[in-house]
Amino acid sequence: MDFALTDQQEAIRDAIARICEGFDDAYWLKKDREGGFPHDFHKALADAGWLGICVPQEYGGAGCGVTEAVIMMQTIAASGAGLSGASALHMNIFGLNPVVVFGTEEQKRRMLPPLIAGQDKACFAVTEPNVGLDTLKLKTKAVRAGGYYLLSGQKIWISTAQVASKMLILARTTPLDEVKQRTEGLSLFYTDLDRSKVEVRRIPKMGRKAVDSNAVFIDGLFVMWSTGVLHGYRHAIPALGFWASMLVGATISGLVNTGTHGASERGADFVLTRTDQSLGMIGYVGVIVKVGKILANFSDVERQVDECRLPRTLPGGTISIRLSEVWVITNSTISRNAQDKIQE
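Enquirer: Give me the overall build of the chain: which residues, what numbers.
Expert: Per the secondary structure count, the chain includes 11 helices and 8 strands. Sorting the 344 residues of the chain into buried and exposed places 46% on the buried side. As presented, the chain carries roughly 17,100 Å² of accessible surface, and 56% of it is formed by carbon and sulfur atoms.

Enquirer: Got a sec to walk through helix α3 (residues 39–47)? Specific residues and values, please.
Expert: Among the residues of α3, those classed as buried are F41, H42, L45 and A46. For α3, the angular spread of buried residues about the axis comes to 135°, placing them on one side. Taken together, the buried residues of α3 touch α1 (7–20), α2 (25–34), α4 (66–87), α5 (90–94) and α7 (105–116).

Enquirer: Which residues make up empty space enclosed by the protein, and what values do they have?
Expert: Overall, the coordinates contain 3 cavities of 30 Å³ or more when judged by the stated rule. Forming the walls of the largest cavity are 13 residues, and the residues nearest its centre are V55, N92, I93, L96 and V100. At the level of secondary structure, the elements contributing two or more residues to the lining of the largest cavity comprise α5, α6 (97–102) and α7. Examining the composition of the lining of the largest cavity, we find that 3 residues originate from one element, α7, more than from any other. Tallied by class, the residues present in the lining of the largest cavity amount to 10 nonpolar, 3 polar and no charged.

Enquirer: Quick one: what's the story with a nonpolar patch on the surface, residue by residue and with numbers?
Expert: A cluster of nonpolar side chains, contributed by V143, L150, F222 and M224, occupies part of the molecular surface with about 330 Å² of accessible area. Here M224 is to be found in strand β7 (residues 213–224).

Enquirer: Tell me about the packing of α1 against α4, and name the residues and values.
Expert: Look at α1 against α4: their axes get within 9 Å of each other, and the N-to-C directions meet at 35°. Read as a crossing pair, α1 and α4 show a hand that is right-handed. In contact with Q9, I12, R13, I16, A17 and C20 of α1, α4 contributes T67, E68, I71, M72, T75, I76 and S79. By residue class, the composition of the contact of α1 with α4 is 7 nonpolar, 4 polar and 2 charged.

Enquirer: Before we move on, could you go through the confidence of the model for the chain and cite the residues and values that matter?
Expert: Scored by pLDDT, the chain has a mean of 77; 65% of the residues are at 70 or more. Least confident of the elements in the chain is helix α11 (residues 316–339), whose mean pLDDT is 47; most confident is strand β6 (residues 198–202), at 97. Counted against residues more than four places away or in other chains, residues 309–329, with its pLDDT under 50, gives 34 contacts.

Enquirer: Explain the pattern of salt bridges to me, and be specific about the residues and the numbers.
Expert: In total, this model carries 9 salt bridges according to the counting rule given. A salt bridge links K43 to D47; the shortest N-O distance between them is 2.6 Å. Placement of both K43 and D47 in helix α3 is noted, with a separation of 4 residues, approximately one turn of the helix. D134 is paired through a salt bridge with K137; the nearest N and O atoms lie 3.9 Å apart.

Enquirer: Run through the nonpolar core, naming residues and quoting values.
Expert: In this structure, F41, L45, W50, I53, M72 and I76 are the most contacted members of the largest nonpolar core, which totals 24 residues. For this core, the secondary-structure elements that each account for two or more residues are α1, α2, α3 and α4. Sort the elements by how many residues they give to this core and α4 lands first, with 6 residues. Beyond its immediate sequence surroundings of up to four residues, I53 is in contact with I12, A62, G63, C64, E68, A69, M72 and I93. Listed in part, the 20 residues of the second largest apolar core include A171, F189, L193 and V229.

Enquirer: Give me the lowdown on the packing of aromatic side chains, citing residues and values where you can.
Expert: Using the criterion set out here, one finds 6 aromatic pairs in the structure. Relative to F41, the ring of W28 lies with its centre 5.1 Å away and its plane at 80°, an arrangement referred to as edge-to-face. Of this pair, W28 sits in helix α2 while F41 sits in helix α3, and the two are 13 residues apart along the sequence. Residue placement shows R201 over the ring face of F217; its charged tip is 4.2 Å from the ring centre.

Enquirer: Break down the environment of G63 for me, with residues and values.
Expert: Within the secondary structure, G63 sits in the loop between α3 and α4. The partly exposed category is assigned to G63, whose relative accessible area is 45%. Each C-alpha atom, one on G63 and one on I53, is 6.2 Å from the other, the two residues being 10 residues apart in sequence. Ignoring anything within four residues of it in the chain, the contact list for G63 reads G52, I53, V55, P56 and Q57.

Cut-offs and rules
Residues numbered from 1 in each chain as written. Predicted model: local features only at pLDDT ≥ 70, side-chain atom pairs only at ≥ 80, totals over all residues. Heavy atoms only, no water. Helix = DSSP H or I, 4+ residues; strand = E, 2+ residues; numbered from the N terminus. Buried < 20%, exposed > 50% of the residue type's maximum accessible area, 1.4 Å probe, protein only. Areas by Shrake-Rupley, 256 points an atom, 1.4 Å probe, with all protein chains shown as cover. Arc of directions from axis to C-beta. Contact = heavy atoms within 4.5 Å. 1 Å grid on protein atoms, 1.4 Å probe; cavity = no way out; pocket = protein on both sides within 12 Å on 5 of 7 lines; lining within 4 Å. Points joined across faces, edges and corners; volume = space filled by probe spheres on them. Nonpolar A, V, L, I, M, F, W, Y, C, P; charged D, E, K, R; others polar. Patch = residues over 30% accessible without salt bridge, like charges linked within 9 Å, V, L, I, M, F, W, Y side chains within 5 Å. Salt bridge = Lys/Arg side-chain N within 4 Å of Asp/Glu carboxyl O. Axes fitted to C-alpha atoms, helices over the stretch in contact; angles between N-to-C directions. Left-handed = near helix turned anticlockwise from the far one by under 90°. pLDDT = per-residue confidence, 0-100. Core = buried A, V, L, I, M, F, W, Y, C linked by side-chain atoms within 4.5 Å. Phe/Tyr/Trp six-rings, centres within 6.5 Å; stacked < 30°, edge-to-face > 60°. Lys NZ or Arg CZ within 6 Å of the ring centre and 35° of its normal.

Now the structure itself:
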């Protein structure tokens, strides 16, 4: 089986890389130190048409597939943007996949173009406090009242809610104790993030400071039935889960490439060009050996990640398993390198 990129895919990678060149280490270092959403980075990708990489062309997208989206995320993460750059775009790339697959024609033409053009930014509100990983126990409710729903509840760890104008939210339309199966009675809503009805509180955290994480409190959010309601859990969440797994896995493998071709090489350059002789010759050689070991570890990761590359035709379950392998491989190597870290 041939895993090599096609000429078109190589061209996509090169085009994304050229955009990323305009956002160097100093740019991302400032974002890590000071925070603030990377609006100009987001706009550069939107202006070039890449936010709709997987959306059909008739709605303003590029009409590509999941493989091209993976290449895009890998390239962004490997450029030095890391999780900050990739996380700023994830929702645009996979968030409205339920609209693409299950939405009405009217919903597609109304919801997709503004997101692709960068006019709208959206957040994805699913996770809740005191629910853990069991999404089916979520407590945010949507009460039907004539031609609209009123949403109330609480969400947590919601990315980009500080800057979002739209929200994709999962809510329970039928209480859990009234359904035959736990997957019933859940619906996705895509609506304006009306801040008169939604309070967004930033959560202090370590890392990825450019992309905010938030607790979200919803009290009487009005959503018209005819314009904002999407399909239920059985249709929407598996599709979102597949895309999320693919793109997060791609971001991780991009970070591995950063480690191989970026951070480790810069560490080696620092060691080889430093003028401080306080370590002495023996200590200096020891540092070089440790850097070499780190580079070798990351090269081994890159080889194993490359072996995990998959064609788009494989079932989502198999892809998720292989992406889990990428996660394990990456974290095992980071742990080994942490244990062998250089101490001066």
